[in-house]
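Take a look at the letters that make up each chain.
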Amino acid sequence: MEKILIVGAGPVGLSAALSLAKNKVPVTIIEAESQLTTVPKASTLHPPTLEIFDELGIFDEVKEKSLIVESFQQWDRGNNKIVAELKLEVLKDETKYPYRFQCEQHHLTEIIQKELKENENIDIFFDSPLEKLKQVGEKVEVTINRNGKEVKETYDFVIGADGASSVVRKSQNIPFSGLTYPQHHLLICVEDHDFTEDYPGLSPVSYFSDSEEWVALIQNLSMWKFLIPLDPKIEDQLDDEYIQDKIRKFSGRAKTFNIVHWVVYRAHQRVADKFLVNRVAIIGDAAHVNNPLGGMGMNSGVHDAYFLSNYLTRVYHNKESLDILKGFERERQTSAKEEVQKHTIKNEEAASNEEEIEKRKKEMQEMMNDREKMKRYLLETSMIKGFNNRRITDTDKEVVYDD
Ligand SMILES: Cc1cc2nc3c(=O)[nH]c(=O)nc-3n(C[C@H](O)[C@H](O)[C@H](O)COP(=O)(O)OP(=O)(O)OC[C@H]3O[C@@H](n4cnc5c(N)ncnc54)[C@H](O)[C@@H]3O)c2cc1C
């Protein structure tokens, strides 16, 4: 195998490129847009993702752009009281990183892009959407619209990291099974206000459960991000005043907030029926999507990228059979279904469904008095348990480099 193409320069495609580059595997990346996106979206980085970034040599740069979060809170929005605070230090014997980073997705992609620029094995082409992909014998033929011109190229392997509407996934007719939530999610980003003045003791990551309107609140180095459910019927009534009112209602202050960004997202729970078809693999949102409560989407995509790259490195350098990639598919599909989907679906229910809210409250209060129970919960929700389970089957086989 000589030529590998990655479609999509989001956090997942770039992580795959960096991982391959570190393993001395050359790769070409194509990105539809003219530059990396700077739109606020993911920001939570869980401990296994920090382990990967350490191994890839970007941990210090990511840390510089991150708020380090050592605990998160569950609040009851009805009476504005803290239900529980879970401290990640209980994980200190399980990981080198018993905390979360809050780092905006675009800082992460900029850091990886800078690192890739210094690597002669990597080519990135912007303004280059993939239009078509066809597998012919042992080759993958792609049609790319490069700066308005149709170009045909041939690769030995293609990685689709082209997001939820993946052209790569569709080209292989892979069903994307699951559901789309009826309610939408409104993301609001606020600068220049300290919400701990409105909620003394507030943690940078706080979930306010409420059957009428839950709030997930995330702080990073420059802003606070609010995620709130939204009835799609009122979407066309949204304007800046409506958004201001949402934040006024939350903070209890009648001021004008510095709202730097707001956007409505649809939320889905879907996993592709296949992550691998011969010489084409899909990773990240192209392969699985979930609601953002718990911050697992991008993290699990980065884990896909890391595992797939390690398998491909063995095919590239050791000349092992492509059959070993079935291990990637089995491990990552299991992780998406049994870990990410399980927790994110539960998180959405525990934010809005009265019965589930009460159940979660009770569970969290019990954890406050039972360190082992808190640890077990945090091992799962910090993605450590799933990552380590998968790693056991991802054999740490030695790679034989040509040079
Ligand atoms: C509000 C919100 C908050 C979130 N918070 C978190 C969080 O805290 N933690 C977390 O882990 N996850 C979070 N997520 C989820 C996370 O944002 C996604 O899982 C992540 O962006 C997926 O990365 P990706 O690289 O797979 O896809 P994308 O980020 O969608 O990137 C895909 C890239 O492919 C490019 N592309 C698309 N089509 C083509 C084509 N045909 N040819 C070439 N290029 C193409 C796109 O332009 C894009 O650059 C959040 C999501 C939302 C909406």
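Procedures and definitions
Residues numbered from 1 in each chain as written. Predicted model: local features only at pLDDT ≥ 70, side-chain atom pairs only at ≥ 80, totals over all residues. Heavy atoms only, no water. Salt bridge = Lys/Arg side-chain N within 4 Å of Asp/Glu carboxyl O. Helix = DSSP H or I, 4+ residues; strand = E, 2+ residues; numbered from the N terminus. Buried < 20%, exposed > 50% of the residue type's maximum accessible area, 1.4 Å probe, protein only. Near = heavy atom within 4 Å. Polar contact = N/O pair within 3.5 Å; in protein donor to acceptor, adjacent residues only side chain to side chain. Nonpolar A, V, L, I, M, F, W, Y, C, P; charged D, E, K, R; others polar. UniProt positions renumbered as here; feature names shortened; annotations may be inferred. Pairing = 2+ DSSP bridges. Axes fitted to C-alpha atoms, helices over the stretch in contact; angles between N-to-C directions. Parallel < 35°, antiparallel > 145°, perpendicular 65-115°, else oblique. Left-handed = near helix turned anticlockwise from the far one by under 90°. Contact = heavy atoms within 4.5 Å.

Asks: Sorry if this is basic, but what is going on with the pattern of salt bridges here?
Replies: If charged atoms from side chains of opposite charge come close, those side chains can pair. Under the counting rule described, the total for this entry stands at 25 salt bridges. Put simply, R371 and E89 hold a salt bridge, and the shortest N to O gap is 3.3 Å. Note that R371 is positioned in helix α10 (residues 371-381) and E89 in the loop between β6 (81-87) and β7 (100-102), a separation of 282 residues in sequence. You can call R371 partly exposed: its relative accessible area is 44%. Under the relative-accessibility criterion, E89 is labelled partly exposed at 35%. Where E153 meets R146, a salt bridge forms, and the shortest distance between an N and an O atom there is 2.8 Å. Residues joined by salt bridges that share partners form a network here, namely R77, E213, K246 and K249.

Asks: Even after reading the chapter, I still don't get the site of the ligand, so can you show me in this structure?
Replies: Surveying the vicinity of the ligand reveals 33 residues, the closest of which are E31, L130, D285, M298 and N299. With respect to the ligand, the backbone of N299 contributes an N or O atom lying 2.9 Å from an oxygen atom. At three residues, the largest contribution of residues to the shell around the ligand is made by helix α7 (residues 297-318). Broken down by class, the residue content of the shell around the ligand amounts to 17 nonpolar, 11 polar and five charged.

Asks: Any chance you could explain helix α2 (residues 47-55) here in plain terms?
Replies: Every α-helix carries 3.6 residues per turn, so stepping three or four residues along brings you back to the same face. Of the residues making up α2, those classed as buried are P47, P48, T49, L50, I52 and F53. The first or second residue beyond α2 is G57, which carries a positive phi of 85 degrees.

Asks: Any chance you could explain the UniProt feature "domain: FAD-binding" (unreviewed entry) in the protein chain here in plain terms?
Replies: Taking the UniProt record as the reference, the feature "domain: FAD-binding" (unreviewed entry) is found at residues 3-341. Between the end C-alpha atoms of residues 3-341 the distance is 33 Å, and the span holds 28% helix and 34% strand.

Asks: Any chance you could explain the environment of L227 here in plain terms?
Replies: With respect to the element layout, L227 can be found in strand β16 (residues 224-230). A relative accessible area of 12% means that L227 is categorised as buried. In this structure, the C-alpha to C-alpha distance between L227 and E141, residues 86 residues apart in sequence, is 41 Å.

Asks: Got a minute to help me understand the sheet that holds strand β20 (residues 288-289) in this structure?
Replies: The strands that make up a sheet pair up through hydrogen bonds in the backbone, lying either parallel or antiparallel. The mixed open sheet is built from eight strands, whose spatial order is β6-β5-β14-β15-β16-β13-β17-β20. Each of the sheet's edge strands pairs with one partner strand only, and the pair in question is β6 and β20. Pairing of strand β15 (residues 215-219) with β16 involves four bridges; the strand directions are antiparallel. Considered in β16, the bridge of Q219 is made with W224.

Asks: I keep staring at the packing of helix α1 (residues 11-22) against α7 and nothing clicks. Help me out?
Replies: When two helices pack together, their arrangement is given by the angle between the helix axes and by the axis-to-axis distance. Taken N-terminus to C-terminus, the directions of α1 and α7 make an angle of 30 degrees; their axes are 8 Å apart at the nearest point. In terms of axis orientation, α1 runs roughly parallel to α7. Here α1 runs over α7; the crossing is right-handed. The segment α1 lies against α7, with P11, V12, S15, A16, S19 and L20 engaging M298, G301, V302, A305, Y306, S309, N310, L312 and T313. Split by residue class, the contact of α1 with α7 holds nine nonpolar, six polar and no charged.

Asks: Explanation requested: the side chain of R146 in the structure shown.
Replies: Along the chain, the position of R146 falls in strand β10 (residues 139-146). A relative accessible area of 15% means that R146 is categorised as buried. A distance of 2.8 Å separates polar atoms of two side chains, one belonging to R146 and the other to E153. Once residues lying within four places of it in the same chain are set aside, the contact partners of R146 are I30, F125, D127, S128, V151 and E153.

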